[in-house]
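Structural description and commentary
Now for the letters of each chain:
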Amino acid sequence: MIEPSSEWQQVDHPYFSTMRMAELISNEVERFPETKSIADLGCGIGAQTFYFADKFRQINFIGIDYNEQRISTATDLNVKKGLKNLHFISQDISTLVGVEKSVDGVLSIHTLCCFKVMETFFQGILSARPKWLIVNSLFWDGPLDVLVHIRDHTNLTPDEYVDSDFNIFSKDRVSEYLSKSGYATSFLPFYPPEPLPVPLNGARGTYTVKTDWNAHTQFSGPVHLPWNFMIAEAK
Ligand SMILES: C[S@@+](CC[C@H](N)C(=O)[O-])C[C@H]1O[C@@H](n2cnc3c(N)ncnc32)[C@H](O)[C@@H]1O
């Protein structure tokens, strides 16, 4: 899904979706001015976390990822960036302990879609009772969850490598689950402002096609990618 090179590109050149996420964070900080700390779940090498921590200097950011190598890279990169309001920890999102107790807001980019069961993603962080969550992932309007695993024959990775998953969750089911936990949920579809070209030879990579939904509807290979921002606020 997110090729390592794509993450690296974003360290110094934020994507439009990252800037859109920053606008949404700004809205939540305005609505919940007591927001003092934000966790980025599945932060990878921190490509987007750096952007947010730089933009919101008054807030403490914690980047969380279970991949120790990525966390070590993120920590090294931050020595160069010098952001004092940001640190990274290696931990499994589904079994978060400790840090979540002090988190006021939660963001996550392209990580919920790596989970086969959406409850596993949410259960740990919800025990912290954050005031708000913004999750950029794949969501569908109907009563369907769809599990998609890409097997790239030019660059084989084990089928257990969950970063190759594009799992799509039902908006209604997510809303119902979060409502039971005390959150009101809404969704904002995300389409890139510019068209993206089809990769050569049918290779993996996001491209756009004009459809009745939008002129820049996103696909990767044969898979439609209904990217949305999910926004959940404590009721
Ligand atoms: C597709 S990458 C997204 C990285 C980054 N947010 C981005 O958009 O560039 C998904 C990230 O989630 C992490 N991840 C997946 N499952 C996880 C889990 N159970 N606990 C912690 N991190 C997890 C992976 O290690 C990976 O860095």
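Now for a quick tour of the structure. All of these numbers come straight from a predicted model, not from anything done at the bench. (Residues numbered from 1 in each chain as written. Predicted model: local features only at pLDDT ≥ 70, side-chain atom pairs only at ≥ 80, totals over all residues.)

Here the focus is helix α5 (residues 118-126). Within the span of α5, buried status applies to Met118, Phe121, Phe122, Ile125 and Leu126. Each buried residue of α5 lies within a common arc of 105 degrees when the element is viewed along its axis, so the set occupies one face. Those residues of α5 hidden inside the fold are in contact with β1 (37-41), β4 (105-109), β6 (169-170) and α6 (171-180). (Buried ≥ 20, exposed ≤ 12 C-beta atoms within 10 Å, placed from the backbone. Helix = DSSP H or I, 4+ residues; strand = E, 2+ residues; numbered from the N terminus. Arc of directions from axis to C-beta. Contact = placed C-beta atoms within 7 Å.)

Here strand β2 (residues 60-65) runs beside strand β3 (residues 86-90); their pairing, made up of five bridges, is parallel. Its bridge partner being in β3, Ile64 is matched across the sheet by Ile89. A crossover connection joins β2 to the parallel β3 through helix α4 (residues 68-81); in handedness this β-α-β unit is right-handed. (Pairing = 2+ DSSP bridges. Right-handed = clockwise from strand over helix to strand, strands pointing away.)

Attention now goes to the site of the ligand. Lining the immediate environment of the ligand, one finds 20 residues, of which Gly42, Gly44, Tyr66, Asn67 and Ile93 sit closest. Here the shell around the ligand is built from residues that sort into nine nonpolar, six polar and five charged. (Near = placed C-beta within 6 Å. Nonpolar A, V, L, I, M, F, W, Y, C, P; charged D, E, K, R; others polar.)

We now examine the packing of helix α2 (residues 16-31) against helix α3 (residues 47-55). At a minimum axis separation of 10 Å, α2 and α3 run at an interaxial angle of 40 degrees. What the angle tells us is that α2 and α3 run oblique. The element α2 and its partner α3 pack so that their crossing is right-handed. For the pair α2 and α3, the contacting residues are Thr18, Ala22 and Ile25 in the first and Gln48, Tyr51, Phe52 and Lys55 in the second. Residue composition of the contact of α2 with α3, grouped by class: four nonpolar, two polar and one charged. (Axes fitted to C-alpha atoms, helices over the stretch in contact; angles between N-to-C directions. Parallel < 35°, antiparallel > 145°, perpendicular 65-115°, else oblique. Left-handed = near helix turned anticlockwise from the far one by under 90°.)

Quick look at α4 now. The terminal C-alpha atoms of α4, which comprises 14 residues, lie 20 Å apart, in line with the 20 Å expected from a rise of 1.5 Å per residue. Along α4, the residues that are buried comprise Arg70, Ile71 and Ala74. For α4, the arc enclosing every buried residue in end-on projection is 95 degrees, short of the 170-degree limit, so these residues lie on one face. Across from the buried face of α4, at angles greater than 90 degrees, the exposed residues are Glu68, Gln69, Asp76, Val79 and Lys80. (Expected span 1.5 Å × (residues − 1).)

For the rest of this paragraph, the subject is the sheet that holds strand β10 (residues 223-224). Here three strands make up an open sheet; going across it, the order is β8-β9-β10 and the pairing antiparallel. Pairing within the sheet leaves two strands with one partner each, and these edge strands are β8 (206-209) and β10. Relative to strand β9 (residues 217-220), β8 runs antiparallel, the two sharing four bridges. In the strand pairing of β9, Thr208 is matched with Gln218.

The next thing to look at is the nonpolar core. With 50 residues, the main nonpolar core has Ala39, Val106, Leu107, Met118, Ile125 and Ile134 as its most contacted residues. In terms of residue count, the dominant contributor to this core is strand β5 (residues 132-140) (six residues). (Core = buried A, V, L, I, M, F, W, Y, C linked by C-beta atoms within 7 Å.)

So, about the pairing of β2. Judged by how many residues are buried, β2 sits mostly within the fold: five of six residues are covered. Handedness of the β-α-β unit built from β1, α3 and β2 comes out right-handed.

Now for the environment of Glu7. Mapped onto the elements, Glu7 comes out in helix α1 (residues 4-12). In this structure, the C-alpha to C-alpha distance between Glu7 and Gln48, residues 41 residues apart in sequence, is 8.5 Å.

Attention now moves to the environment of Ser6. Turning to its location among the elements, Ser6 is positioned in helix α1. Note: C-alpha distance between Ser6 and Gly205 (199 residues apart in sequence) is 9.9 Å.

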